[in-house]
Structure formats: structure tokens, C-alpha cells
Amino acid sequence: MKDRDCGSLSKKDAGQVVILSGWVHRRRDHGGLIFVDLRDRSGLVQVVFDPDTSKENFNLAEKLRSEFCVQIQGEVSIRPEGLENNELKTGEIEVKAQKLTILSPSQALPFALDTRSDVDEAVRLKYRYLDLRRPELQQNFILRHQVTKAVRDFLDKEGFLEVETPMLTKSTPEGARDYLVPSRVNPGTFFALPQSPQLFKQLLMVSGFEKYFQIVKCFRDEDLRKDRQPEFTQIDMEMSFVEEQDIQQLIERMFVYLFERIYAIKIDTPFPRMTYQEAMNRYGSDKPDTRFGMELVDLTDLLADCGFKVFNETIKKGGQVKGICVKGCADYTRKQLDDLTTLAQELGAKGLAWMLIKDEIKSPIAKFFTDTEIANITQRLQAQNGDLLLLVADQKETVAAVLGRLRLDLGETLGLIPKDKMNFLWVVDFPLLEWDKDENRYMAVHHPFTAPKEENFDEDPANALAKAYDLVLNGVELGGGSIRIHDANLQTKLFKVLGISEEEAEEKFGFLLQAFKFGPPPHGGIAFGLDRMIWLLAKAESIRDVIAFPKTQKAICLLTEAPSTVSSKQLKELHIASTVVKS
RNA sequence: GGAGCCGUAGUGCAGUCGGCUUAACACGCCUGCCUGUCACGCAGGAGAUCGCGGGUUCGAGCCCCGUCGGCUCCGCCA
């Protein structure tokens, strides 16, 4: 039904008769002459309907409206002198319509498929199929296709095997909330949709696949964010006989390959490495955005004996005082400072201390410090006249959370973030464990199969490090992985520290522990959030812009109206009953 | 579970201090005119349960309470 793509036509095609099919992007009816911008996936071309060519055709063209699906046969011709459109790729030519076929008409649209208007996202999602007609959205999916294709090509070249793992699988504790699927055949039992193919890919290593990958949907029933959807896609990999640097180098080669193939640019490797500790100290985040400075500066040693009770008492209790220097913001208003303070309090700080440096120090707390202390603070923060200093005193987790967030917010509002930069960063040496106050036990920071750096990690669990690594791009966690435990004794030791009993371990992961009795190879892997990758590469507003049919923050699909109630017959077959009382 | 912002024709929005409009404007839509436009132009027209429910008031799009939905964030996301 078409022999050419609209966007592919150029001067070279002049004189040719072509058949095009697509949508009426815009129509300009001059009464005696009608112009139509015809759009298909490839782009736009102007079609001219002239009654002198065919009166019948022209009359039919008068019926055309936005988004009619049409086929047009016509002659490509060079536009008359002075009538070219430089805004359009095909602007040097136009198609003189000889025959128009209306393949299907369209109702008036619920919203304009126009970049200029910022349409409410609820309306866009309800009519997602129309939203997806917008070229800028289609571009995201073209990119997404190119990336997955390149990833497959690269991993194939590196000797990886793509293997599918089950979607209906076993619910495992430790981790995100599962999406459950009731079993009809086995009353009272449930499958879980995978949070990741973690255990299966480890089993594939036991099977001797050596290099596995999969581009696969994963499901986590947790609350949504602009970079989080309940179902998302991972590029999941696992390799045998590797150490951390083998995997990191492979991933660096992969990104070099991707950028070369998609953007024809060369990116620098190796990517910088930063320990978790350093990331937290300097940026207050385990996924630092290193595209700009404003780093967190430790002032604890300078202020341990200062006259400000809030500070010295916090320090005595094992806390710290840190600050950031906000360049050129000494003219911040009381309102702006109050807003920053409110944000700090929402994140758990008791307060936010500020100092405006305007020739002299303007600050409600300045009177508590000696001139030497003030001089030391400003010097260490490398503050100059005209700067604003923000200080937080608290336990180190809170200090990091508050200043890390203030840094990001201020970096954004002050325009300090260079948008064209692509700053990859490996964050390494993650802690193995983390104390969970609610559960009153240690939890695995990564997951309970992650190998510790030292075999005697149980002697000082709080400070044990893991063979785990995250790849961060521009402050977004793109992916993470680890070297796994393949030694049964080590695994048992870790379960013990995690407070998982032998019986529980047997019940939950028995199949894995069993498998590890049959010569498991040393192995490790990594997984990337594909949606996040595309989101960053496409510089899209939200992750929803790179997912064809995304869900709202309430995890609802406005297009299909899923989830929905089901018949009592369906529930009965599944041996389940809803506890929700219809009002 | 919690916090914030938003909700007015199909779309984007204005609506001031609660009483001046018959809820304005732009795009879109419909009708007519228009042979070189490209965000075509011109003339006319239709189109609003002001998210929903309750309250305050002589009077509510506007104030209060609740509720629903969208977005952003905290918690959560091994």
C-alpha cells in the first residue's frame, strides 16, 4: 500500500510517481488549492491537491481532516522557487496528488498531537495510542529498539546466551513486595511474578551456561516514582569465573559499543570508581551526580568545642556537622531560606543553619561562634563574599540525606547541572549489611547471595563490605550487581547473620542451596534498568515517556482501566475471596 | 501510610477582595469564503453539571470540610 516513506523523499526523487500511506498531520485548505502534510513513521511531506490535476480528487481532499488515514499516489516535484520550507527535511519537494484514497476517517481528536501544548497526562494516557503518534514519543521507542538491538548484538559477540526464565515463579522474602498469581490447580498456593531472575540466572551458572543474559520484564509491587514503574525491563546478565573488574570492564565495553553505534561518539573508559563511603561523604548519596560540585564538607572537627549547643551536643552524641557552600546566593530571602529549612525538616533534620556572607556574616547563629571558628568554616567551605552556607548537624545518615538532597535541588534550580554531560560512575565497596530497626536484625544491602569481601565478615558485620557495585549515570542508578556466594558454608554463615534459620533458608531457597552442592562455579553478574537507561539517553521527562503503556502513580492503566474486579466465578475457580466490601 | 502542587468548553488557560458580565481568551471543532500555504488567512457559529459531595453565606468557580483523580516527594523499592 506504499512504496516509499514520506520522510525519505528528496530532490533526487523528482519526477517519480510514488504511493504513500500515512496520516493527515495538518491540512491547509486555500479553497482553490489544498495542502496536506502527510505523516508516517519516517516523517512529513507536503502533498498538494490541485483541481487542475483532478477535480474529483480535489473534491475528495476537501473532506480530509486531522489524522485521517490516507493513501496518496502522486508525483514528486521540486517546489517552485522561493516556496521551499527549510524547517522540513523534505522541504525542497512536494508531492502532487494524482489519486487520494481515504483508508479510514478520524473523529476530532481529544487533544492536539502537538508538542506546543502541554496536555494533561491523564488524558494522554487514556488515549495512549494517539499520544504515541507524536513523533517525539516515537523517537524514544526508535532509540529503545536501537539500544536493545545493540545490547543483543554486543552480548552475542561476547559469547552470551539469551535464556528465558519463568514469569510464574516462587515468592521469595527479602526484597520488594511480590505480585502474586493464585494457582487454580493447587488451591491456596500462589506464584509470584519475578522481581528479577536472580536465582534462575545463578542456577544457569550451575548448569554451565557460563555467560547468560536476558532482556526481561520484572515486577515489584512498591510505590511509584517518576523513574519507577511496577513492571519494568532489566538487561540481566550473569557470568561464571569472573571477579568484579571482569564484569565492570565488560559493561564499559558495552557502553562504548552502544554510544559508538547509536551516537557515533567515543566515550572514555574506564569509568571512574568511587567507594560507597566516599560517595556518602562527598555527595550524601550512594548515586552521586558528579556533573557539578557543591560537595558536602565535614566541619565536625572544627566545631566539636564550639559555643553552639545544638552543634557540640550533636557531635558529643556521635553525630557530625557538615555544610555546603551555595555560590552567589547570599541574597536569598527569608522565604527562600525558610523553604530550604522546611525541606530539611521533612527529610528528618531538626533544623537548617544558614549563613549569608555579605561583607560580614549574616546568620542567626553567628553569635555563637568565635571569629576563628567562622574563619575556619568559611575557609574550609571555600566560601567567598556573596555565598550562602548551609549547615546541618545530626547523625551522619540524616546529614547525608538532607545535604545530599539540598545539593541536588539547588544544583537544579541554580542551573549548575550541565545537561549535555554523561557522567558514568562505578560506586563500589558497598556495605554488606544494614541494621533494620523495625525487624531488629541485619538485612542484606544488595541481596542475601552477595559475596562479602572478607570471609570473616561475621566478626564485625556492621562494617563488612560486599563485592557489590552500582553503575551510576548522572545521579541515576542505572544498574547494579555483585559477585555471588558459591560456597555453601559461606552462605550458611551469611544466613545466620541475617537471622534466617536453617529451616527457613531450606524452605525459601532450598533449591538454590541444593544446586550449590553440585560443583557451582564462582560467578557474578549485573542487571540494568533498561527503561531508566532509555529515559536518560532520550532526556525524557519521566520514565513513562519511554514505556509504551505505562501506569499512573496509583499503578493503574488509564487506557485499559486495569486492574479491575473479576467475576465471582473466576475467584471461586482460584479458591480465593476478596475481603473488600462493596459500598 | 504521609506531605505538597494541580483539577474551569475537546485541549491549554484567565477569572482580582465572595456580588460586573450571559464565566473571558487562544487552539481545536462546525458553516461559508479564499490557487502557494507550511502554526495559512478572513467572516460567522456551536460548545461549560467550574472533578464530585457536603458546609458557611442573602449570595460560592472563588472561603471551609470531606472525597476522587493526575503529578512530585518522604516512607517503601534485597
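What counts and how
Residues numbered from 1 in each chain as written. Chains lettered and ligands numbered in written order. Predicted model: local features only at pLDDT ≥ 70, side-chain atom pairs only at ≥ 80, totals over all residues. Heavy atoms only, no water. Buried < 20%, exposed > 50% of the residue type's maximum accessible area, 1.4 Å probe, protein only. Helix = DSSP H or I, 4+ residues; strand = E, 2+ residues; numbered from the N terminus. Pairing = 2+ DSSP bridges. Axes fitted to C-alpha atoms, helices over the stretch in contact; angles between N-to-C directions. Parallel < 35°, antiparallel > 145°, perpendicular 65-115°, else oblique. Left-handed = near helix turned anticlockwise from the far one by under 90°. Contact = heavy atoms within 4.5 Å. Nonpolar A, V, L, I, M, F, W, Y, C, P; charged D, E, K, R; others polar.

Caption draft 1: Quick look at the pairing of strand E22 (residues 523–529). With seven of its seven residues buried, E22 lies for the most part within the structure. Across the two faces of E22 the burial is the same, with His523, Gly525, Ala527 and Gly529 and Gly524, Ile526 and Phe528 all buried. Judged from the seven bridges that link them, strand E10 (residues 231–240) and E22 form a sheet pairing that is antiparallel. Opposite Met239, over in E22, you have Gly524 as the bridge partner.

Caption draft 2: Summary view of the packing of helix H4 (residues 135–157) against helix H6 (residues 244–263). At their nearest, the axes of H4 and H6 sit 10 Å apart, and the two run at 135° to each other. Between H4 and H6, the angle is such that the two are oblique. As for how H4 packs across H6, the hand of that crossing is right-handed. Contact with H4, carried on its side by Leu143, Gln146, Val147, Lys149, Ala150, Val151, Asp153, Phe154 and Lys157, involves Leu250, Arg253, Met254, Tyr257, Leu258, Arg261, Ile262 and Tyr263 of H6 and no other residues of that element. Of the residues assigned to the contact of H4 with H6, the class counts are 11 nonpolar, one polar and five charged.

Caption draft 3: Fine view of the side chain of Thr233. Relative to the helices and strands, Thr233 resides in strand E10. When near neighbours in sequence (up to four residues on either side) are disregarded, Thr233 contacts Arg144, Ile215, Val216, Lys217, Phe528, Gly529, Leu530 and Asp531.

Caption draft 4: Representation of unusual backbone geometry within the structure. For the peptide bond that leads from Thr269 to Pro270, omega is -5°, which places it in the cis range. Mapped onto the fold, Pro270 is located in the loop between H6 and strand E11 (273–275). With omega at 0°, the peptide bond leading from Ala562 into Pro563 counts as cis. For Pro563, the location among the structural elements is in the loop between helix H15 (530–537) and helix H16 (568–573). Phi is positive for Asn474, which is not a glycine, with a value near 50°.

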